[in-house]
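Report on the structure
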Amino acid sequence: METSQILLVFFGGLVPMAAVAFALGRRKALLSDAAGSRMHSLPAQYGVYVATWMALPALAIGIVAASAALLGLQVPSAPFVLSFALFGAAVGLMIALRKVEPTLRARNAIEKFVYWTLFAASLVSILTTFGIIISILFEALKFFSQVSVWDFVTGTNWSPVATFRPGQQAADSQFGSVPLFAGTFMITLVAMSVAIPVGLLSAIYMSEYASYRVRTLAKPMLEILAGIPTVVYGFFAAITVSPLVVEVANFFGLHASYTNALAPGLVMGIMIIPFISSLSDDVINSIPNSLREGAYALGATKSETIKQIILPAAFPGIMAAALLGVSRALGETMIVVMAAGLRPNLTWNPLEDMTTVTVRIVDALTGDQAFDSPETLAAFALGLVLFVVTLTLNLISIIVIRKFRQSYE
Amino acid sequence: MRTRDLTGDSTQVVRVPTTERPRVNQKTKMKVRDLEVWYGEKQALHGVSMDVAENEVTALIGPSGCGKSTFLRCLNRMNDLIPDVRIKGEVEFENQNIYAPEVDVVELRSHIGMVFQKPNPFPKSIYDNIAYAPKILGQVRKRTDMEDLVEHSLKRAGLWEEVKDRLQMPGLSLSGGQQQRLCIARAIAVSPSVLLMDEPCSALDPVATATVEQLIDELKENYTIVIVTHNLQQAARVAGYTAFFHLGNIVEYSDTDSLFTHPREKKTEDYITGRYG
Amino acid sequence: MSQGITLSPSRQLKKRYRAEKRFKAYCIGALVLAMAFLVLFFTDMIRQGYSAFVQTEIEVEVTYNEDTVKFTNESVREEVSPLISRAFYRTIPRRVDANPELMGTTETRWLTATAHVDQYRKGYSDRLDPELKATLDRLDSEGRVSYGFNSGLFFSGDSKIPSNAGLWSAFVGSFYVMIVVLLVSFPIGVATAIYLEEFAPDNRFTQGIEININNLAAVPSILFGLLGLAIFINFFGVPRSSALAGGLTLSLMTLPVIIISTRAALKAVPQNIRQGAQAVGASRWQAIRDHVLPLSLPGILTGTIIGIAQAMGETAPLLLIGMIAYIPDAPTSMTEAATVLPAQIFTWSGMPEGAYVSLTAAGILVLLSLLITLNATAVILRNRFERRW
């Protein structure tokens, strides 16, 4: 069924029917009220009650049929589904109308329904996490049934041979992931050595030194930095920063590749600055003023107070911010896809080209390869590792931040 | 616990002009003249003058918002930290006006210490809480000297016996009363000559309060103490002199006994008899 | 001990003040550096992209007859013909079909030049045939060459001819995707926030949901792409590259943003509003619906706009679900293959012709102005309507 048809059925069928059901329920309540029996709830609430019981079966039948169709199951034709839904609606309407009586607590029934709807909504976020885990895990397990975990974790040679037909074997493929992780960590290292000092010191300046005016100016500017899409940073890294790095390296007599690891690392660092600074700013601001006053009253200068009292007190929070920053850097995709190399390269030299986990995931899944080829499956294995690592970092920092907040509340 | 006899000998009462120091048998440590303070548009102090006696406890009492805490925080320029604050007048300490441009506020605060309403130990060990300031001020360089100083300060604050076996524990692990005594030990470790206390017992239970009050009484041998308190009995117990603040002015300032037994002003009498405040 | 106290800074204190100054300088330096990055970045994008907003146009005589409808590049004089963008010649048969009276006539028109000519005129490349250069210079001296506003950048779809490539399909695609994101993540996000903030008991399960949401906000976006690929496309069979698949995937990413900001907005409403409403006989839900929600609406909308802006700039997960397809014509439904603004920028950035560099930068400028407008709206909304308690 087309989108427009679905909308037509919904707005042309269900909505008017709900309106009628509402009117019927309300009328019955009004009538019995007029007849002298004291109703528990307001007449309109009985209306909503009846309309809800009419609409729910119809909607449920529609949704089940639609998901079955999407799953490719045999589904009866649309007119049949429609009439079945109509029947469900009629049954719901009749039962609900019957139950409209003075003793029925329509308001409580509606509110119970609201409560469970809200609760169901809150499960979506859990389902999302499960969705990520399931979608990665199955394919990753398929991959590990073909390639040994040990080779994957310790191998230093990543050279998948492309296969384009399902079931085709690629015996010469090598899936040693060490160079990919080395590249990822190198770029993350460069990024964090830009982001942590610049972000933290800016946060200190804004929360401890800056006047109100400077703060109201600088904060939105940092927020702009945070709002720039990663694809834009990627373009900036590839078009402007990489050639710059090459030129500077040449000036010092060094050779740098145009897809060097330094450029995406630096740009990623810039991207993470506002992230670190706003989290640190929050953390520093949550340190109670009494600690500052205590230090000043002893004759400490501002920087002594900051360095020896505020920062140690804020350390857990700042640490958590840095970990979240690392998690971001590890999973960042567009900057490295656009500015880093594709060649797995195990080196300590950030001027050479290197590739990362995310680059290989994108490369494997945007090509024309068969979905069950080992290279495609390898992308899911890499995704699994990325998920586990970032999940660990995120959980540590989330829990640390929670504890930190509680200790200063 | 030492308590002052509130119905003490009335012949001791010396009537003096409100703002001057009541008795002259002790040296003056600080002289405040015509101190005015504004927070933005709101005036918090209206030209307050007062002498603070050396090696005595001076209590500042009065209803909430009367300016007593503002006054206290002017004595070591803690108010400088508040944005939009304007201060006029003079505070003389060691023959210098502390608001004169050549006076360094960091230097000043190392001579005039402060203890706050809520105990605020640093999130460091007990030892480091005390060692921190002498270290940054460069007063103590040798490790053994520092250990001596920590022990001495804790002893002066009456905390040594309770913590001597756990100096490396965080200061925050102590009880409220112990934390406040730690803060006092921390303040006296840099050997200030004046100690300002801003309701130091308001967050403590009665037993801890009694300990701190006794400590204050002992400390006055060596230190000039100015204490803000909400608790009239406490002022009566610990202070030699008491000033009653109301609406940003000193209404009455005299030795504690006379202020509580023979207040000269109607307002003072109303306040100490609990008619308002 | 009070003897000889001076309150002017001692030598030792002067040394400490020098350390103080150094530290403050580092802090200022860091902030200045961050600002400098921002300035550098914007000047660079403007420098690269501003020229793509105008295009070289040439005034030529176009002849319509039997021959030129077949061999369209003969419709203009031979030496001028290679200067004109191929995109125009393609339109001739259609144009004549639509206006048969044109047949056998000649009209004078301003036509878009090829990207080579454009790049040469803008000084980006010198790789233009010398003969063409001469012709161009002659036309220029006759006043028949000028710059015109590049309306195609906004109103045409993607094209393999750089002078004809535009953002229109990407606009439409982004619009569809954002509609899906809004329809899915706003109701679910707000409902989740209301449940967690107003109804949920403080137990392990609730704390688990909270931690899970905070974690989802920090999960690398590319993993959402893997989810979209495996679940929406491979399992549920949502068409690959479609706005629906992209929208559903981005919805899951936007959800935590909306939940977190809605919770903050709900939390900001003081408890006594709820108690006041319940004290006059409203149920818990009625108090929320009639009092708490209206009061927190500005905060909720602000968070939603910020979430939408974030989703609008997201690319990585969309690559995995195939939204980097070549889309010359705007999609007309949610299930057709579509592209979005950042994906279009990514596609252009990978094109070999030099002309696409300016186009990419211009696309970036358009995307950034959209995002800044959205975020500014959110900030204004917050400052205007948010109540402080």
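One can find the structure itself at the top, above this paragraph.
Since we're looking at a predicted model, the values are computed, not measured. (Residues numbered from 1 in each chain as written. Chains lettered and ligands numbered in written order. Predicted model: local features only at pLDDT ≥ 70, side-chain atom pairs only at ≥ 80, totals over all residues. Heavy atoms only, no water.)

For chain A, the helix and strand inventory stands at 14 helices and 2 strands. Its C-alpha atoms give chain A a radius of gyration of 30 Å, clearly above 22 Å, the size a compact globule of 409 residues would have. Burial status across chain A gives 50% buried among its 409 residues. Of all intrachain contacts in chain A linking residues separated by at least 6 positions in sequence, the fraction that spans at least 24 positions is 74%. For chain A, the exposed surface amounts to about 19000 Å²; the carbon and sulfur share of it is 69%. Each charge class in chain A can be summarised by its mean position, and for the 23 positive and 22 negative side chains these summaries are 17 Å apart. (Helix = DSSP H or I, 4+ residues; strand = E, 2+ residues; numbered from the N terminus. Rg over C-alpha atoms; globule rule 2.2 N^0.38 Å. Buried < 20%, exposed > 50% of the residue type's maximum accessible area, 1.4 Å probe, protein only. Contact = heavy atoms within 4.5 Å. Areas by Shrake-Rupley, 256 points an atom, 1.4 Å probe, with all protein chains shown as cover. Lys, Arg positive; Asp, Glu negative; His and termini not counted. Charge placed at Lys NZ, Arg CZ, Asp CG, Glu CD.)

What follows is about the nonpolar core. Formed by 164 residues in total, the largest nonpolar core has its most connected members in Ile132(A), Met268(A), Ile361(A) and Leu223(C). Top element by residues in this core is helix 6 (residues 178–209) of chain A. It accounts for 15 residues. If near-sequence neighbours (up to four positions away) are discounted, Ile132(A) is found in contact with Phe387(A), Leu216(C), Val219(C), Leu223(C), Phe224(C) and Leu227(C). Ranked by size, the runner-up nonpolar core spans 48 residues in total, among them Val140(B), Val163(B), Ile184(B) and Ala185(B). (Core = buried A, V, L, I, M, F, W, Y, C linked by side-chain atoms within 4.5 Å.)

A separate point is the packing of aromatic side chains. Enumeration according to the criterion identifies 31 aromatic pairs over all chains in this entry. Ring centres 6.1 Å apart and planes at 35 degrees place the aromatic pair Phe119(A) and Phe205(C) in the tilted group. Taken together, the residues Phe119(A) in helix 4 (residues 106–146) and Phe205(C) in helix 8 (residues 204–216) connect one chain to another. Since its relative accessible area comes to 18%, Phe119(A) is described here as buried. (Phe/Tyr/Trp six-rings, centres within 6.5 Å; stacked < 30°, edge-to-face > 60°.)

On to the packing of helix 12 (residues 284–312) of chain C against helix 15 (residues 355–385) of chain C. All names here are of chain C. Their axes nearest at 9 Å, the elements helix 12 and helix 15 cross at an angle of 170 degrees. Classified by the angle their axes make, helix 12 and helix 15 are roughly antiparallel. For the pair helix 12 and helix 15, the contacting residues are Pro298, Leu301, Thr302, Ile305, Ile306, Ala309 and Met312 in the first and Leu367, Leu370, Leu371, Leu374, Asn375, Thr377, Ala378, Leu381, Arg382 and Phe385 in the second. When its residues are assigned to classes, the contact of helix 12 with helix 15 shows 13 nonpolar, 3 polar and 1 charged. (Axes fitted to C-alpha atoms, helices over the stretch in contact; angles between N-to-C directions. Parallel < 35°, antiparallel > 145°, perpendicular 65-115°, else oblique. Nonpolar A, V, L, I, M, F, W, Y, C, P; charged D, E, K, R; others polar.)

Hydrogen bonds between backbone atoms are what pair the strands of a sheet, whose relative direction is either parallel or antiparallel. Residues and elements named next belong to chain B. Strand order across the open sheet formed by 4 strands is 2-1-4-5, with antiparallel pairing between neighbours. Every interior strand has two partners, whereas the edge strands, strand 2 (42–53) and strand 5 (96–97), have only one. Two strands pair when backbone bridges link them, and strand 1 (residues 28–39) and strand 2 are joined in this way by 9 bridges, in the antiparallel orientation. Residue pairing in the sheet places Val37 in a bridge with Leu45 of strand 2. (Pairing = 2+ DSSP bridges.)

The subject of this paragraph is the sheet that holds strand 2 (residues 106–112) of chain C. All names here are of chain C. Strand order in this open sheet of 3 strands is 2-1-3, and the pairing throughout is antiparallel. The open sheet has two edge strands, strand 2 and strand 3 (145–149), and neither has a second partner. This sheet shows a mean twist of 40 degrees between the axes of neighbouring strands, independent of strand direction. As paired elements, strand 1 (residues 54–63) and strand 3 share 5 bridges and run antiparallel to each other. Opposite Glu57, over in strand 3, you have Ser146 as the bridge partner.

Our next topic: a positive patch on the surface. On the surface, Lys307(A), Arg141(B), Lys14(C), Lys15(C), Arg18(C) and Arg22(C) cluster together into a patch of positive charge. No other element matches the 4 residues that helix 1 (residues 11–49) of chain C contributes to the positive patch. Relative to the helices and strands, Lys14(C) is located in helix 1. (Patch = residues over 30% accessible without salt bridge, like charges linked within 9 Å, V, L, I, M, F, W, Y side chains within 5 Å. Salt bridge = Lys/Arg side-chain N within 4 Å of Asp/Glu carboxyl O.)

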